[in-house]
Amino acid sequence: MSKQKNFETEAIRTQTERSQFLEHSNPIYLTSSFVFEDAEDMRASFAEEKERNIYSRFTNPNNSEFVDKICKMEGAEQGVAFATGMSAVFSTFAALLNAGDHIVSARSVFGSTHGLFTKFLPKWNITTSYFKIDELDKIESLITKNTKILYAESPTNPAVDILDLELLGSIAKEHNILLVIDNCFATPYLQNPIKFGADLVIHSATKLIDGQGRVMGGVTVGRADLIREIYLFARNTGPALSPFNAWVLSKSLETLAVRVDKHCENALKIAEFLESHGQVNIVKYPFLKSHPQYVLAKKQMKAGGNIVAFEVKGGVEAGKKFLNALAICSLSANLGDTRTIVTHPASTTHGKLSKEDRLETGITDGLVRVSVGLENVNDIIQDLDQALKSS
Ligand SMILES: *Cc1c(COP(=O)(O)O)cnc(C)c1O
């Protein structure tokens, strides 16, 4: 095997085999199926004696290219691509768990993942125990003989808290359970959980990997034996990523490093601006010195990411007023776009939770989440400033 190249080079130069046309940029393989040379070729392909494409629910050259890139970026052995981040999350649990199995997870997880743990997996008698992100010392007491997976996100959504991945890795190893990390907020450019002991890493590619708010996608990468189980589950149940979306996402990865560098630079400037603003109570950004896990963030991340959380003085009403006064920033559910997006979790994504439950995930009434985009940072700052003044 050739020596691993640097991140940006792998992102740009990893490519599916060229066709006879010797195209420079990889074409889109919009085809449901692939043809066989003869009956023996067909038999051997189905018997998996040959590695080749059969049907796009199983594999497709665009999907393989996308997965190969993510594997190189995350230092993973193998991976599977999915239609969305949630289909990656669901398929990972569904493929690896049996009835009666148990998950130990951080309470601060993506809303739909929380829904999966509390509404759907219990239908198959798969249960979840939560730990608070500031109580990692309680994790071991939650592990039972049925526990199979330890699950977490870092940074968390929307409060950008940081979990100690190395500690989670050592707990998982000690108890012989799998560590699965949703690495969506960090991207493979800023953080590689496998280095800290994760067995599997999941991404919603819809976010910074696409980075331009266009397509949805997801991916799970990690240990080859586990990926094999997840692949067989996906092959039979059909959450396949569209080849078109895979092409878009693979192209997006070519610019991930430069985009994320700029996102992080803008986000840090905005976090510093907010920290000095009279209408703002608390600002949370992993690479601000005032962040409670600043040292840990510096240890496990290359930069702080593009999400800044802060609290507008005056609670829910002030939060809403602030949102209504924004002139450039979008009010939208996505994150990780070129366009700056502002949300108010207490009145939207987390509006159905009780105030207590919200506080457990770090969401106070006035908390605002900014997904910092790639506009000129001075324009974003000006927009935030004028909206804060009218809040
Ligand atoms: C968005 C998101 C998901 C789900 O991804 P989709 O592509 O929307 O299905 C999962 N985890 C995190 C942390 C996310 O931000």
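Residues numbered from 1 in each chain as written. Predicted model: local features only at pLDDT ≥ 70, side-chain atom pairs only at ≥ 80, totals over all residues. Heavy atoms only, no water.

Applied cut-off: UniProt positions are given in the numbering used here, feature names are shortened, and annotations may be inferred rather than shown by experiment.
As named in an unreviewed UniProt entry, the chain is O-succinylhomoserine sulfhydrylase, taken from Aureibaculum algae. Database annotation for the chain, UniProt heading Subunit (unreviewed entry): "Homotetramer." Listed under Sequence similarities (unreviewed entry) in UniProt, the entry text for the chain is "Belongs to the trans-sulfuration enzymes family. MetZ subfamily."

**Details of the side chain of Asp 199**
So the rule is basically this: The numbering of helices and of strands both runs from the N terminus, where a helix is a DSSP run of H or I of at least 4 residues and a strand a run of E of at least 2. Each residue is placed in one exposure class: buried if its accessible area under a 1.4 Å probe, protein chains only, is under 20% of its type's maximum, exposed if it is over 50%, and partly exposed if it falls in between. By the convention used here, residues are in contact when the closest approach between their heavy atoms is within 4.5 Å.
Assignment of secondary structure puts Asp 199 in the loop between helix H8 (187–190) and strand S6 (200–204). Residue classification places Asp 199 among the buried positions, given a relative accessible area of 15%. In this structure Asp 199 touches Ile 177, Leu 178, Leu 179, Val 221, Gly 222, Arg 223 and Leu 226, once residues within four positions along its chain are discounted.

**Considering helix H11 (residues 256–275)**
Using the following cut-off: For a helix, the expected span equals 1.5 Å multiplied by the residue count minus one.
Taking 1.5 Å per residue as the helical rise, H11 with its 20 residues ought to reach 28 Å, and the 28 Å between its terminal C-alpha atoms agrees with that figure. Of the residues making up H11, those classed as buried are Leu 256, Ala 257, Arg 259, Val 260, His 263, Cys 264, Asn 266, Ala 267, Ile 270, Ala 271, Phe 273 and Leu 274. Check the buried side of H11 and you find it contacts helix H1 (7–13), H8, helix H10 (243–254), strand S8 (280–284), strand S9 (307–312) and helix H15 (377–389).

**Some details on the sheet that holds strand S7 (residues 218–222)**
Cut-off, in case you're wondering: Criterion used throughout: strands pair if DSSP finds at least two bridges between them. Axis angles are defined between N-to-C directions and span 0 to 180 degrees, where every axis is a line fitted to C-alpha atoms and, for a helix, only to the segment in contact.
In spatial order, the strands read S1-S7-S6-S5-S4-S2-S3; together these 7 strands make up an open sheet with mixed pairing. The open sheet terminates on both sides in strands that have one partner only, identified here as strand S1 (78–82) and strand S3 (127–131). Going from strand to strand, the sheet's axes swing by 20° on average, the running direction of each strand aside. Against the sheet, helix H4 (residues 85–96) touches S1, strand S2 (102–106), strand S4 (147–153), strand S5 (178–182), S6 and S7, its axis set at about 150° to S6.

**Side note on the site of the ligand**
The condition that has to hold: Nearness of a residue to a molecule or strand requires only that one of the residue's heavy atoms be within 4 Å of it. Polar contacts here mean pairs of N or O atoms no more than 3.5 Å apart (in protein, one a potential hydrogen donor and the other a potential acceptor; neighbouring residues in sequence count only if both atoms are side-chain atoms). Note that accessible areas follow from Shrake-Rupley with a 1.4 Å probe, and for residues the cover is restricted to the protein chains shown.
Close to the ligand lie 13 residues, the nearest being Met 86, Asp 182, Ser 204, Thr 206 and Lys 207. Gly 85 is positioned with one of its backbone polar atoms (N or O) 2.8 Å from an oxygen atom of the ligand. Within the side chain of Ser 204, an N or O atom sits 2.8 Å from an oxygen atom of the ligand. Protein burial of the ligand: of its 380 Å² of free accessible surface, 93% is covered by the chains.

**Looking at the domain arrangement of the chain**
Just so we agree on the cut-off: Source of the domain bounds: an automatic or database domain assignment. Buried area is a sum: the accessible area each of two parts loses on coming together, probed at 1.4 Å, counted once for each and added. Just to be clear on terms, a salt bridge is a Lys or Arg side-chain nitrogen sitting within 4 Å of an Asp or Glu carboxyl oxygen.
According to the domain assignment, the chain consists of domain 1 (7–253) and domain 2 (257–389). On a C-alpha basis, the centroid separation for the pair domain 1 and domain 2 is 27 Å. Contact residues are listed per partner, giving 33 residues for domain 1 and 36 residues for domain 2. Taking both sides of the interface into account, the surface hidden between domain 1 and domain 2 amounts to around 3,100 Å²; carbon and sulfur atoms contribute 59%. At the boundary of domain 1 and domain 2, one finds 2 salt bridges. For Glu 166, the salt bridge identified is with Lys 299, shortest N-O distance 2.4 Å. Linking domain 1 with domain 2 are 14 residue pairs in polar contact (both at pLDDT 80 or more). For the side of domain 1 that touches domain 2, the element with the highest residue contribution is H8, accounting for 3 residues.

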